[in-house]
Amino acid sequence: MSAMKSHVYGVSSKLFLTLLFLSLSVSYAALPQNPVSKSSSSTTQINSNSVLVALLDSHYTELAELVEKALLLQTLEEAVGKHNITIFAPRNEALERELDPEFKRFLLEPGNLKSLQTLLMFHIVPKRIVSKDWPADSSPSFRHPTLSNHHVHLKTQGQGNRLIDSAEIVRPDDVVRPDGLIHGIERLLIPRSVQEDFNRRRNLRSISAVLPEGAPEVDPRTHRLKKPAAPVPAGAPPVLPIYDALAPGPSLAPAPAPGPGGPHGHFNGMKQVKDFIHTLLHYGGYNEMADILVNLTSLATEMGRLVSEGYVLTVLAPNDEAMAKLTTDQLSEPGAPEQIIYYHIIPEYQTEESMYNAVRRFGKVRYDTLRLPHKVVAQEADGSVKFGQGDGSAYLFDPDIYTDGRISVQGIDGVLLPPEEETKIEKKTGPLVKVVSKPRRGKLLEVACRMLGAVGQESHFSTCQ
């Protein structure tokens with residue numbers, strides 16, 4: 001009876017263990033093998049009507065190619081899954097032919113993938129913005145965050161021209177989809193962080209910010225040092241002041257500039273000047289200034305030579321709107337463009353912060369310019385730096401457009417002109433005195449008067465008195 005009981009119990013226990021093993025196997029098979037796949041499978045799937053698919057199949061082929069090279073498809077899919085997006089797509093010509101080849105090579109280098117991603121996400125706003133959402137012409141600009149954690153500004157200018165920062169919307173509402181839309185813009189938008197990274201990678205490897213100070217005395221007759229200067233190491237500040245290194249005049253060839261390193265400068269000034277001019281063009285709104293530096297004058301070459309010899313410069317760059325106010329008479333005189341630009345170049349390295357701190361502390365600050373003997377006056381006004389006085393004043397409008405340790409470019413909203421020199425001398429007023437001139441005596445009369453004076457008869461003749 002006990003054997004039969006144990007046999008029955010044994011069979012029951014084996015059957016129970018078998019059923020338990022099968023149930024665990026089925027449960028394990030039902031569980032997900034990889035937790036990551038579960039989260040990825042739960043991500044919103046992109047359908048064929050998505051704005052991302054429309055971007056890849058649109059005529060914005062250059063932008064779509066950059067998005068794929070930047071490995072941003074997964075990031076954009078997640079953004080579309082959370083909210084609508086608005087893409088500001090540059091024209092193909094802006095990316096293919098109008099973009100600086102050196103800047104494009106910088107973006108496509110493997111080590112600069114983060115800069116490329118930041119640049120592209122700067123064109124995407126995590127919000128649906130249609131053309132009717134732009135502010136009116138008289139309204140202030142709207143500020144929107146982008147996927148790159150920067151901000152863009154939407155505004156309307158002129159005859160209803162819609163702008164994002166400084167780029168015009170050329171094809172509003174070009175592609176519209178349920179999860180977003182695409183606006184066509186005239187050119188590429190470049191965030192300041194990417195532009196600074198581009199400048200830093202190219203120029204700041206062997207450059208340190210040094211100021212030329214303590215220049216020895218120069219003999220104005222021989223134009224040479226009164227005492228021989230001690231030898232200086234390469235990269236040290238120049239011995240002579242910057243005015244002695246300037247070219248003799250706009251119509252003459254640039255004079256050889258003394259400085260560290262002898263005839264071969266230690267710094268690559270031409271490359272740095274080219275960089276800051278390209279930065280002006282990329283920044284937008286300063287094309288006239290760049291045109292004067294490169295085409296109308298030889299100032300770009302002269303500035304490059306000065307920087308190569310160790311000097312530093314701060315350029316107060318008027319924007320295009322300010323340059324358009326110059327008259328033909330102001331630019332037609334020989335050497336007039338050079339003299340105008342000379343007055344906008346300070347032979348010091350100043351940033352927006354340093355100038356603002358100076359005017360906050362000292363009130364009015366007078367900066368030397370390359371147009372001797374004129375100085376430009378700076379003072380604090382409306383929380384910014386104001387240059388000049390009266391109607392000819394200008395405000396610091398776009399601070400630190402370009403800063404690389406040797407050249408600093410500050411955008412201003414007006415053209416500065418030096419005050420007119422006083423040429424009229426004040427006339428002293430006093431009582432009028434009538435002066436009667438004596439008649440001039442001839443040689444013969446002189447001899448006669450002398451003879452009469454010898455005998456004491458001179459007083460009888462009025463002509464001899």
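Rules behind the numbers
- Residues numbered from 1 in each chain as written.
- Predicted model: local features only at pLDDT ≥ 70, side-chain atom pairs only at ≥ 80, totals over all residues.
- Heavy atoms only, no water.
- Helix = DSSP H or I, 4+ residues; strand = E, 2+ residues; numbered from the N terminus.
- Contact = heavy atoms within 4.5 Å.
- Salt bridge = Lys/Arg side-chain N within 4 Å of Asp/Glu carboxyl O.
- Buried < 20%, exposed > 50% of the residue type's maximum accessible area, 1.4 Å probe, protein only.

**Student:** How should I be thinking about the side chain of Asn92 in this particular structure?
**Tutor:** Relative to the helices and strands, Asn92 resides in helix H6 (residues 92–96). Setting aside residues no more than four positions away along its own chain, Asn92 makes contact with His59, Tyr60, Thr61 and Glu62.

**Student:** Would you take a moment to explain the pattern of salt bridges for this structure?
**Tutor:** Oppositely charged side chains can form a pair if their charged atoms are brought close together. Under the definition given, this model contains eight salt bridges. Residue Glu62 is joined to Lys104 by a salt bridge in which the shortest nitrogen-to-oxygen separation is 3.8 Å. Placement of Glu62 in helix H4 (residues 61–69) and of Lys104 in helix H7 (residues 101–108) is noted, with a sequence separation of 42 residues between them. Residue Glu302 pairs with Arg305 through a salt bridge whose shortest N-O separation is 3.9 Å. Residue Glu302 and its partner Arg305 are located together in helix H12 (residues 299–308), separated by three residues, close to a single helical turn. Glu302 sits in the buried class, given a relative accessible area of 6%. Take Arg305: its relative accessible area is 15%, and that puts it in the buried class. In the salt-bridge network here, residues are joined through shared partners; they are Arg91, Glu93 and Glu98.

**Student:** Whenever I open this one, unusual backbone geometry confuses me. Can you help?
**Tutor:** Glycine aside, the phi torsion of most residues is negative, and most peptide linkages are trans. Cis peptide bonds are those with omega within 30 degrees of zero, and the linkage from Leu372 to Pro373 qualifies with 0 degrees. Of note, Pro373 is situated in the loop between strand E12 (365–368) and strand E13 (375–381). If you check the backbone angles, Asn149 has positive phi at about 70 degrees while not being a glycine. Relative to the helices and strands, Asn149 is located in the loop between strand E3 (142–145) and strand E4 (151–157). Residue Asn149 is classed as exposed on the basis of its relative accessible area, which comes to 70%. Although it is not a glycine, Asp165 sits at a positive phi angle of roughly 55 degrees. Relative to the helices and strands, Asp165 resides in the loop between strand E5 (161–164) and strand E6 (167–177). Look at Asp165 and you get partly exposed, because its relative accessible area is 22%.

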